[in-house]
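# Fold and contact review
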Amino acid sequence: MTPRALAYLFFTLLLAGVFAGIIAYYFSRKRYERVEAPKHRMLADDDPLPDSTGSRREG
Amino acid sequence: MNFNSLYEKPVLFAIASVVVISVGTLVTTFIPLFLPSTQPISPLVKPYTAVEMEGRDIYIREGCNNCHTQTVRPLRTEVARYGDYSKPEESAWDRPFLWGSRRTGPDLARVGGKYPDAWHYRHMANPQAMFDKSNMPAYPWLAKAKLDTSLTARKVKVLGYGYDGAEVARQLAAFRETVTAPAYPSAQVRSQVTPAALQGEITELDAMVAYLQKLGRDLKAAQGTAAGSATAWAAETKNPYAGSPEAEEEGEKIFKENCRGCHGEKGTGGFGPKLATTAHKFGGSDADLFASVAGGRPGGMPAFLPQLGKDRVWKAVAYIRRLEKENR
Amino acid sequence: MTNGQRSDAIVRGFALSSVFWLLVGLLVGLWLAAEMIFPALNLAPWLAFGRLRVVHTNGLTFGFTLAGIFACSFYMLEKLTRTPLAFPGLAKTQLWLFNIAIALGALSLFAGWTTSKEYAELEWPLDIVVVVLWVMFAVNVMGTLVKRREKQMYVSLWFLVACVVTVAVVYILNNLAIPVSLAKSYSAYAGVNDANVQWWFGHNAVASVFTFPILAMFYYFLPKSTGLPIYSHRLSIIAFWSLVFGYLWTGAHHLMLTPVPEWIQTVALAFSLFLIAPSWASVVNGYYTMNGNWDMMKSNYLTKFFILGITFYGLQTIQGPTQAIRALSGHLHYTEYIPGHVHMGTMGWVTMIITASMYFTTAKVSGREVHSVKLANIHFWLILVGQLLFTVTLWIAGIVQGAMWKAVNPDGSLMYTFLDSVAAMYPYWTVRIFGGLLYFAGISVFAYNLYMTSRPKTQAV
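Computed from a predicted model, the values in this text were never measured in an experiment.

What counts and what doesn't
Residues numbered from 1 in each chain as written. Chains lettered and ligands numbered in written order. Predicted model: local features only at pLDDT ≥ 70, side-chain atom pairs only at ≥ 80, totals over all residues. Heavy atoms only, no water. Helix = DSSP H or I, 4+ residues; strand = E, 2+ residues; numbered from the N terminus. Areas by Shrake-Rupley, 256 points an atom, 1.4 Å probe, with all protein chains shown as cover. Contact = heavy atoms within 4.5 Å. Buried area = accessible area lost by both parts, 1.4 Å probe. Salt bridge = Lys/Arg side-chain N within 4 Å of Asp/Glu carboxyl O. Polar contact = N/O pair within 3.5 Å; in protein donor to acceptor, adjacent residues only side chain to side chain. Core = buried A, V, L, I, M, F, W, Y, C linked by side-chain atoms within 4.5 Å. Buried < 20%, exposed > 50% of the residue type's maximum accessible area, 1.4 Å probe, protein only. Domains from an automatic or database assignment. Expected span 1.5 Å × (residues − 1). Arc of directions from axis to C-beta. Axes fitted to C-alpha atoms, helices over the stretch in contact; angles between N-to-C directions. Parallel < 35°, antiparallel > 145°, perpendicular 65-115°, else oblique. Nonpolar A, V, L, I, M, F, W, Y, C, P; charged D, E, K, R; others polar. Phe/Tyr/Trp six-rings, centres within 6.5 Å; stacked < 30°, edge-to-face > 60°. Lys NZ or Arg CZ within 6 Å of the ring centre and 35° of its normal. Disulfide = S-S within 2.5 Å. Pairing = 2+ DSSP bridges. Bend = angle between axes of the 7 residues up to and from the residue. 1 Å grid on protein atoms, 1.4 Å probe; cavity = no way out; pocket = protein on both sides within 12 Å on 5 of 7 lines; lining within 4 Å. Points joined across faces, edges and corners; volume = space filled by probe spheres on them.

### Focus: the overall build of chain A
- Counting its regular elements, chain A contains two helices and zero strands.
- By element, 65% of the accessible surface of chain A is carried by carbon and sulfur atoms, the whole surface being about 4,400 Å².

And the structure:
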């Protein structure tokens, strides 16, 4: 294998690894609720603005 | 690091997006800007003359690139139809590039030198008069507008063609002298499409024709593709279809599609020579006529062998023979 | 009761501007379609095909699509952040400047002020105006996001941010040029590099105008109009990052078999094929959202727009990558197949989603229901049938055309002249006009319906 072909292979594997990492991170069960929360909240965005104890942005 | 917080920090998110889009941009677009393979220079490819450059700007203004490509792909049929495939160095002086994306009309990368100027003058004025099935728009107004040369020197400087304002003025004067001279080979057709007041000036059409004649010319010159080199078909001396009415009929169809535009209905002559005669300009033997059609002749006759093949060239010759007879 | 948001008037203004430029752009398109068959219609320099085609593409990309994006983005921004628009005055100025710029842009293209680089034809003075407009939009997007009261950003907002940054980067870099007069400039790049930069732009203009913000609308308005949460938010995370990463590599698939270095073409081909995955992640996400509720295709007038729209997106993102494969590119590139492909994306995907989203937003900001569900249904069927007639005809035409260009006799000579391949197109071009007329009829119904919906309630009769 030429260094060029190796470089291509390495780069491809690197991208595949990053891709797999992102999937593993976001599809882990412990992050499920937090990651999926916005899809439910967006359905209620016609409601009056929440009060200060609600879901206001922290910080 | 908690990657969930990315969706809670819009500025960080925007920065992350820029980084992510930058990777592909760097590799496929930015780094190649500096590679030798994307900016090859060849001494064989000359910058445009001042008039050709102005013609190119008219080509851009009229949006010709929306229907015509200027890049021949390395495919056998494409090379047969248009000529040698495009090389990167051919575009070295092109700002912008004009490769196009759609062939509503044919590719133009090799159109330079294919036809005489007169062909273009007549075609631009009325394409349907030459090819009745063509859907090319007529551009009669180009011959009615004087070429604006007020910015020419400045343009040449910005484009870095390597010659100065004095040279621009000299080129413009020399070009004007050439196209307005009575001895200009396409003088007759030019005077037909150009209004009287502009006969002595450079028109936009003059510049456009000059530009079209430049396309692919440097490459052809470098490769020395001489028209009419007889050696390739020295064996073709006798028409296998001589006297065959079927071949003559097929020849007539070939003639209508490929020859009529220049040589006139029934070969009575246009800006191409009269064919319904026994006194042919480049000789009247079977071998001569085959060589003329197959390989082209100086002065604007294109080579039809790559497109038609031997068989149909002979059929066209058979039809020319019939025209000779009918005319007698 | 009206929606009571700061952006109500701005959303309505952009929606109506969008419809206006849509009608103008389609009329120009119909004229162009007729010119393909009747060259005598090239009546004057400004009506000649070469100039008019550019008015069509720019008018619909920037006039119709961008205005639709602005209208729906301002609406989504306020809703998804639960925050009033950060700078409503700026947005109002943007609305006026936008319409002036589009009108000037059209006039300048009619006049032949063009750089010739596709979808970047506007000359440098107007490029500057476009950049100013974009900065105004970006300030409002980022400003509202920073002030937001909703902690996490929903997927639509990511696509909006991606749109803002990508358009900025590709538009500015591709339009770098040296002016010689008000109407004329020369590209900063030459030859092969100019081609490579241009199609890097060309492809990502498609990504960041016809894909990212339209996906943002899809992810927002499908759940909102059905009341069903999107199937998987985390799947959309994967789709988002891989789409945004992958798109920028693929520009050179527009330059297959040209003098651009072969490795750039090959890398573009590889990433084009990869892009099928994230594209279809959105398609699948949409279909699964409807799981168990497919009856809404009949009972909810907007659902079918979104589902058919995402279906055309799915087909489009299969067709595009296959066109990048060298052998297929050799056959199909430069033929009518490519306009067929583009028009499925624009007439199917983009317009289906934008028109449906504008029904939703316009009804909301006007504080009423859509004027007529029946008319919306007629609009849907007319644009669906018109688009299919148009695009399928052009695919067939392109395959025929490519075959004629490649056909050879036994002796190796070409079977057809170029003119033969033109003559063979006339029947297809005629059918295309009928497809276009049906489509235009559908959009006219939409324009009427949207206008009636947009009238402030006090004026209603």
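Here the narrative resumes.
### Side note on the interface of chain A and chain C
- Across the contact, 29 residues belong to chain A and 34 residues belong to chain C.
- Here chain A packs against chain C, burying approximately 3,000 Å² in sum over the two surfaces, 60% of which is carbon and sulfur.
- One can count two salt bridges joining chain A with chain C.
- Here A:E36 and C:R234 are joined by a salt bridge, their closest N and O atoms 3.8 Å apart.
- Our count for the contact surface shared by chain A and chain C stands at 10 residue pairs in polar contact (both at pLDDT 80 or more).

### Considerations on the nonpolar core
- Grouped together as the largest cluster of nonpolar side chains are 178 residues, with contacts concentrated most on C:F74 and C:W349.
- Broken down by element, this core gets its largest block of residues, 18 residues, from helix α2 (residues 49-81) of chain C.
- When residues of this core are assigned to domains, at least three fall in each of domain 1 (8-38) and domain 2 (50-223) of chain B.
- Not counting chain neighbours up to four residues away, the residues in contact with C:W349 comprise C:F210, C:T211, C:I214, C:L215, C:F218, C:G309, C:I310, C:F312, C:Y313 and C:M344.

### Here we look at helix α7 (residues 165-180) of chain B
Residues and elements named next belong to chain B.
- Taking 1.5 Å per residue as the helical rise, α7 with its 16 residues ought to reach 22 Å, and the 22 Å between its terminal C-alpha atoms agrees with that figure.
- Among the residues of α7, those classed as buried are V168, Q171, L172, F175 and V179. For α7, the angular spread of buried residues about the axis comes to 100°, placing them on one side. Residues of α7 that are exposed and angled more than 90 degrees away from the buried face: A166 and E177.
- Residues of α7 that are buried in the fold lie against α2 (50-61), α4 (117-125), α6 (152-159), α8 (187-193) and α9 (204-214).

### Notes on unusual backbone geometry
- Note the cis peptide between B:R95 and B:P96, where omega equals -5°.
- Among the structural elements, B:P96 can be located in the loop between α3 (76-82) and α4.
- With a phi angle near 55°, B:K266 is a residue other than glycine that sits in the positive phi range.
- By the element assignment, B:K266 lies in the loop between α12 (260-263) and α13 (286-295).
- Since its relative accessible area comes to 42%, B:K266 is described here as partly exposed.
- Its identity as a non-glycine residue notwithstanding, C:Y334 has a phi of 75°, on the positive side.
- Summarising the element assignment, C:Y334 is placed in the loop between α13 (326-332) and α14 (337-366).
- Classification of C:Y334 by relative accessible area gives buried; the value is 1%.

### Some details on the packing of helix α7 (residues 212-226) of chain C against helix α8 (residues 233-247) of chain C
Residues and elements named next belong to chain C.
- Look at α7 against α8: their axes get within 12 Å of each other, and the N-to-C directions meet at 170°. Taken together, α7 and α8 sit at an angle that is classed as roughly antiparallel. For the pair α7 and α8, the contacting residues are F212, L215 and Y219 in the first and S236, L243, V244 and Y247 in the second.
- Class assignment of the residues belonging to the contact of α7 with α8 gives a composition of six nonpolar, one polar and no charged.

### A closer look at the packing of aromatic side chains
- Scanning the model with the defined rule gives 59 aromatic pairs over all chains in all.
- With a centroid separation of 5.6 Å and an interplanar angle of 35°, the aromatic rings of B:F13 and C:F240 are classed as tilted. Placement of the pair is B:F13 in helix α1 (residues 10-30) and C:F240 in helix α8, with the two residues belonging to separate chains. As far as the burial class goes, B:F13 and C:F240 line up, both buried.
- Ring-pair connections join several aromatic residues into one group, and the members of that group are A:Y25, A:Y26, B:Y7, B:F13, C:W158, C:F159, C:F212, C:F218, C:Y219, C:F240, C:W241 and C:Y247.
- Above the ring of B:Y85, the side-chain terminus of B:K87 is found at 4.0 Å from the ring centroid.
- One Lys or Arg, C:K304, reaches over the ring of C:F380 and ends 5.5 Å from the middle of that ring.

### Some thoughts on the side chain of B:D107
Residues and elements named next belong to chain B.
- Within the secondary structure layout, D107 lies in the loop between α3 and α4.
- Assessed through its relative accessible area of 5%, D107 is described here as buried.
- There is a polar contact of 2.9 Å between the side chain of D107 and the backbone nitrogen of T71.
- Polar contacts involving the side chain of D107 include one to the main-chain amide nitrogen of A109, which spans 2.7 Å.
- Leaving out residues up to four positions away in the same chain, D107 has contacts with T69, Q70, T71, V72 and Y82.

### What about the pattern of salt bridges?
Residues and elements named next belong to chain B.
- With the rule as written, the count across this model stands at 35 salt bridges over all chains.
- Residue E78 pairs with R103 through a salt bridge whose shortest N-O separation is 3.0 Å. Here R103 lies in the loop between α3 and α4 and E78 lies in helix α3, a separation of 25 residues in the sequence. An identical accessibility class is assigned to E78 and R103; each is buried.
- Here E248 ties to R322 by a salt bridge, and the two come within 3.9 Å at their closest N and O atoms.

### Comments concerning the environment of B:Q192
- Inspection of the secondary structure puts B:Q192 in helix α8.
- In this structure, the C-alpha to C-alpha distance between B:Q192 and B:A125, residues 67 residues apart in sequence, is 9.8 Å.

### Thoughts on the state of the cysteines
Residue and element names in this part refer to chain B.
- A complete count under the given rule lists zero disulfides over all chains for this structure.
- C67 carries a free sulfur, and the closest cysteine sulfur to it, the one in C64, is 8.6 Å from it.
- Free cysteine C259: the closest other cysteine sulfur is in C262, separated by 8.8 Å.

### As for the pairing of strand β2 (residues 184-187) of chain C
Residue and element names in this part refer to chain C.
- Direction of pairing for strand β1 (residues 177-181) relative to β2: antiparallel, over a ladder of four bridges. For S181, the partnering residue across the bridge sits in β2 and is K184.
- Between β1 and β2, which follow one another and run antiparallel, lie two residues.

### Let's talk about helix α14 (residues 305-327) of chain B
- If you check α14(B), its first and last C-alpha atoms are just 27 Å apart, much less than what 23 residues at 1.5 Å a residue would give, namely 33 Å.
- Where α14(B) bends most, at B:D311, the angle is about 75°.

### Thoughts on empty space enclosed by the protein
All names here are of chain B.
- Taken as a whole and judged by the stated rule, the model has eight cavities of 30 Å³ or more.
- Empty space within the second largest cavity amounts to approximately 270 Å³.
- Lining the second largest cavity are 22 residues, with Y48, E90, S91, D94 and G216 sitting closest to its centre.
- A per-element tally of the lining of the second largest cavity places helix α10 (residues 217-223) first, with three residues.

### Focus on the environment of B:E248
- Note on placement: B:E248 falls in helix α11 (residues 245-258).
- Residues B:E248 and B:A143 lie 105 residues apart in sequence; the distance between their C-alpha atoms is 39 Å.

### Quick notes on the layout of surface pockets
- Put simply, the second largest pocket is a space of about 820 Å³.
- Taken together, 25 residues line the second largest pocket, and the ones lying closest to its centre are A:F11, A:L15, C:F245, C:W249 and C:F271.
- Those elements that place two or more of their residues in the lining of the second largest pocket are α1 (3-26) of chain A, α1 of chain B together with α8 and α9 (262-274) of chain C.
- Considering only residue class, the lining of the second largest pocket consists of 21 nonpolar, three polar and one charged.

### Comments concerning the interface of chain B and chain C
- Across the boundary between the two partners, chain B contributes 85 residues, which contact 92 residues of chain C.
- Inspection of the region where chain B meets chain C yields three salt bridges.
- With its nearest N and O atoms 3.4 Å apart, the salt bridge here joins C:K184 to B:D57.
- Across the chain B-chain C interface, the total number found is 31 residue pairs in polar contact (both at pLDDT 80 or more).
- Secondary-structure elements contributing two or more residues to the side of chain B that touches chain C are α1, α2, α3, α6, α11 and α14 of chain B.
- In terms of residue count, α1(B) provides more of the side of chain B that touches chain C than any other element does, 15 residues in total.
- Looking at the side of chain B that touches chain C, its residues break down into 39 nonpolar, 26 polar and 20 charged.

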